[in-house]
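The primary structure of each chain is shown beneath.
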Amino acid sequence: MQQYSSLSDHNSQIDTTPKLLTTIQQLRAKLWLESSLNQLQSRLNDCLLSACNTVPQAGTAEAEILQTVVNEINSAFHSSNLALTDCAVGIALFQPQETVATVCYVSCSLSPNSQPLFLELLTAEKKLLLRLQEVIELKDLQQLENQQIPSAWRLADDSGNVMGWLIMAATPLNSDRESLIKSQAQLRSQFMERSAKHCTTALVQLRQILSWQQRYQQLSNSNQELERTNQLKNQFLANTSHEIRTPLSSIIGFTHLLLAPGYEPAKERQQEYLNIIQSSGKHLLALINDILDLSKIEANQLEVQWETIDVPVLCSNVFALVKEKAANKGLKLCLELEPNITTLVADPLRLKQMLLNLIFNALKFTSKGSVGLQVAPKGLFVHFTVWDTGSGISQEDQAQLFEPYFQIAKAVAGGAEGTGLGLAVTRKLAEIHGGSVKVESEVNCGSRFTLLLPLKQEVGVGGAEGAEGAGEAEEAGEVKDSSYALPLTPSSSVEILLVENDLPNADLMQIYLRKLGYQVTWVKNAGEMWEALTQLDPVVILMDVHLADGNGLNLVQQLRENRQYRTIPVIVQTAMAMKGDRETCLAAGVNDYISKPIDLPLLASLIAKYSKPPTKEE
């Protein structure tokens, strides 16, 4: 019994030895599998961490991940002791809607004597060579994927979109034991399948990282732009405050002198004070017009009036406006016109504005020497070049020169006037004309600003828009004739009804119009207007838009609906001067429109135009 028992134990130990070896081999395979996948994941994590820290290009980071995958898989196969045979790994990528993929990444065998490896399609008499730039049809990849022992594994994102295929070519497994061949094939397939998942996950994570980096960069750029805009806003407010306060100081100060009890200046000195007040007021208006122009341009709401311009005449007019300022600084003005330049199609008001901005800038930065304007045609364009012998502009400042609100630091420190809007408006006006502005300058060597404008504009531009543009120019106070030469004195029987709720403006218009010989009746609101109309027969009504008891445009509509008053011409005066205000007023039924501050000569010409006896309806 004892011998039998001992023999039985001995036989049992011998019988279990193959099972034990199999178990050890399985453990070794599992250990290799997990270790290799961990190594692959570690390398992919390094790639992702590098992408987080370096902000690479999307294609570069993706290429690094794909090449890492094939290299790590190849290294894992050839460093194992599991007799997994000679093999090579590759990745084929394809674009959506295509039917072929291209092998873009290959990790060759470590064996120097190895032969090229093929992907074998077991269900067809076809072999595919695994090499770079090899083109593989999508149907062949799908067949490789669906074989009993796969040779291709798809790389698909979370949405199921296929990005490519992980593929492997290997020499046939060699063993006397079919079970070993089967287990090795399963192990290899399992490793490739899980490697494909790691690769897919890394690619998805990379795209998320790149997306976050892109959003971060956009937010960073946006924050920088907001910070810059805030700085420009603060600078603009500071400059504008200075620009407004300086002429206001003159207006208030000289007005105080004229009103001071017991102070009776000579007529010449009184005229001098009034000229200063008027000049300061025009400076304020110019500042407001610059701000409005920039706002209209940036909102794509500025309209222009195309005309054929006599270039020599316009340039002479521009020089007439700047000669006094040049003379005050002891500077010489030079105008050079090529004889073959005579006409140009542009908006005359805006062209004059652009040239004045450039010339005034040149005068500002030139303390001695000359300022000049050269005009010459070159091809399809006319070059207006404003040059000076001034202090010049650094390259750093030139880069920001045409930005809104930007001012050169030394100009601000030197107390030079300006809000940093002139050049920005000039460049945008040039672009509206189909042209451009460029600058050439060196510090202490003067500057050259060249305005390039096309000789001709497209046919059909203008018309109603042009007329409107002219109206807006008048509204903005662009009528440069500041003399108060009075028109022909009308008959004193011409009655004008002035509807205005602001006392100073009402006094101004009454005094001026009565000086011209008109009879003016002033009312402050809608109620007084209707009452006055029962007693008067005005030939023109001057209507303020904003009244204490109603909207002036609504009153105009009511007048047009009333048979008795519908033919009386109505001219509205308003502080509204933005895009669409003129159209709004005309749509309400007004005959004309003038913006505040009131240009008195323009007001006189409008009243003369409409002060004919109204036609009575039968």
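Before any of the text, the structure's been laid out above.
Residues numbered from 1 in each chain as written. Predicted model: local features only at pLDDT ≥ 70, side-chain atom pairs only at ≥ 80, totals over all residues. Heavy atoms only, no water.

## Some points on the overall build of the protein chain
The helix and strand inventory of the protein chain stands at 16 helices and 21 strands. For the protein chain, with 618 residues in total, the buried portion stands at 42%. Pairs at least 24 residues apart make up 69% of the contacts formed inside the protein chain by residues separated by at least 6 positions. (Helix = DSSP H or I, 4+ residues; strand = E, 2+ residues; numbered from the N terminus. Buried < 20%, exposed > 50% of the residue type's maximum accessible area, 1.4 Å probe, protein only. Contact = heavy atoms within 4.5 Å.)

## As for the packing of aromatic side chains
One pass over the structure, following the stated rule, counts six aromatic pairs. Plain terms: the ring middles of Trp 32 and Phe 77 are 6.1 Å apart, the flat faces sit at 25° to each other, and that makes the pair stacked. One end of the pair, Trp 32, is in helix H1 (residues 2-54); the other, Phe 77, is in helix H2 (residues 58-79), with 45 residues separating them in the sequence. Members of the aromatic cluster, each reached through a chain of ring pairs, are Trp 32, Phe 77 and Phe 191. (Phe/Tyr/Trp six-rings, centres within 6.5 Å; stacked < 30°, edge-to-face > 60°.)

## Here's the deal with the sheet that holds strand E21 (residues 592-595)
Overall, parallel pairing links the five strands, which are arranged E16-E15-E17-E20-E21 in an open sheet. Looking at which strands have only one partner, the edges of the open sheet turn out to be strand E16 (519-523) and E21. Geometrically, the sheet is characterised by an average inter-axis angle of 20° between neighbouring strands, direction not taken into account. As defined by bridge partners, strand E20 (residues 570-574) adjoins E21 across four bridges and the pair is classed as parallel. Paired with Thr 574 across the two strands is Ser 595, which belongs to E21. Running over the sheet, helix H12 (residues 503-515) touches strand E15 (495-499), E16, strand E17 (540-544) and E20 and is turned about 170° from E16. (Pairing = 2+ DSSP bridges. Axes fitted to C-alpha atoms, helices over the stretch in contact; angles between N-to-C directions.)

## Details of unusual backbone geometry
Even without glycine at this site, Gln 133 takes up a positive phi of about 70°. Counting through the fold element by element, Gln 133 comes out in the loop between strand E4 (126-129) and strand E5 (135-137).

## A word on the packing of helix H5 (residues 267-298) against helix H10 (residues 422-432)
At a closest axis distance of 10 Å, the pairing of H5 and H10 adopts a crossing angle of 40°. On the basis of the axis angle, H5 is oblique to H10. Judged by the sense of rotation from one axis to the other, the crossing of H5 with H10 is left-handed. Residues Asp 290, Asp 293, Leu 294, Ile 297 and Glu 298 of H5 pack against Ala 424, Val 425, Lys 428, Leu 429 and Ile 432 of H10. Residues that form the contact of H5 with H10 fall into these classes: six nonpolar, no polar and four charged. (Parallel < 35°, antiparallel > 145°, perpendicular 65-115°, else oblique. Left-handed = near helix turned anticlockwise from the far one by under 90°. Nonpolar A, V, L, I, M, F, W, Y, C, P; charged D, E, K, R; others polar.)

## Section: the pairing of E15
Strand residues, when the strand is regular, have side chains that alternate between the two faces of the sheet. In terms of burial, E15 is largely enclosed, as five of its five residues are buried. Along E15, one buried face is formed by Glu 495, Leu 497 and Val 499 and the opposite face, lined by Ile 496 and Leu 498, is buried too. Where E15 and E16 come together, five bridges link them in parallel fashion. The residue bridging Val 499 from the neighbouring strand is Val 523, located in E16. In the classification by handedness, the crossover that spans E15, the intervening H12 and the parallel E16 is right-handed. Where E15 meets E17, four bridges bridge the pair, whose relative direction is parallel. Of the residues in E17, the one forming a bridge with Leu 498 is Leu 542. (Right-handed = clockwise from strand over helix to strand, strands pointing away.)

## So, the nonpolar core
Core analysis: the biggest nonpolar cluster contains 46 residues, and Leu 351, Phe 384, Leu 401 and Leu 451 have the highest contact counts within it. Ranked by residues supplied to this core, first place goes to helix H7 (residues 348-364) with eight residues. Apart from the residues within four sequence positions on either side, Phe 384 is in contact with Val 311, Cys 315, Leu 344, Leu 351, Leu 355, Leu 373, Gln 374, Val 375, Phe 449, Thr 450, Leu 451 and Leu 453. Core analysis: the second largest hydrophobic core is formed by 36 residues, Ala 29, Cys 47, Leu 155 and Leu 206 among them. (Core = buried A, V, L, I, M, F, W, Y, C linked by side-chain atoms within 4.5 Å.)

## Section: helix H16 (residues 600-610)
The buried count for H16 comes to eight of 11 residues, which makes it a mostly enclosed element. If you check the start of H16, you find a side-chain oxygen 3.1 Å away from the backbone N of Leu 602, and it comes from Asp 599. (Polar contact = N/O pair within 3.5 Å; in protein donor to acceptor, adjacent residues only side chain to side chain.)

## Remarks on the pattern of salt bridges
Pairing between side chains becomes possible if they bear opposite charge and their charged atoms approach one another. Per the counting criterion, the structure on display carries nine salt bridges. For the salt bridge of Arg 43 with Glu 72, the shortest nitrogen-to-oxygen distance reads 2.7 Å. With a gap of 29 residues between them, Arg 43 in helix H1 and Glu 72 in helix H2 connect regions that are remote in the sequence. For Glu 72, a relative accessible area of 12% puts it in the buried group. For Lys 139, the salt bridge identified is with Glu 137, shortest N-O distance 3.5 Å. Look at Glu 137 and you get partly exposed, because its relative accessible area is 33%. (Salt bridge = Lys/Arg side-chain N within 4 Å of Asp/Glu carboxyl O.)

## What to know about the environment of His 283
With respect to the helices, strands and loops of the structure, His 283 is situated in helix H5. Classification of His 283 as partly exposed rests on a relative accessible area of 25%. A C-alpha to C-alpha distance of 9.6 Å links His 283 and Leu 248, two positions 35 residues apart in sequence.

## Details of the side chain of Thr 385
Within the secondary structure layout, Thr 385 lies in strand E12 (residues 381-388). Looking at Thr 385, the relative accessible area reads 7%, which means it is buried. At 3.2 Å, the side chain of Thr 385 and the side chain of Thr 450 are in polar contact. Look past the residues within four positions of Thr 385 in its chain and what remains in contact with it is Gly 372, Leu 373, Gln 374, Arg 448, Phe 449 and Thr 450.

## Some points on the pairing of strand E13 (residues 436-441)
Going residue by residue along E13, you find Val 437, Val 439 and Ser 441 tucked away on one face and Ser 436, Lys 438 and Glu 440 left uncovered on the opposite face. Here E13 runs beside strand E14 (residues 447-454); their pairing, made up of six bridges, is antiparallel. Across the sheet, the residue bridging to Lys 438 is Thr 450, located in E14. Counting the residues between successive antiparallel strands, the hairpin from E13 to E14 contains five residues, one of them, Asn 444, with a positive phi of roughly 70°.

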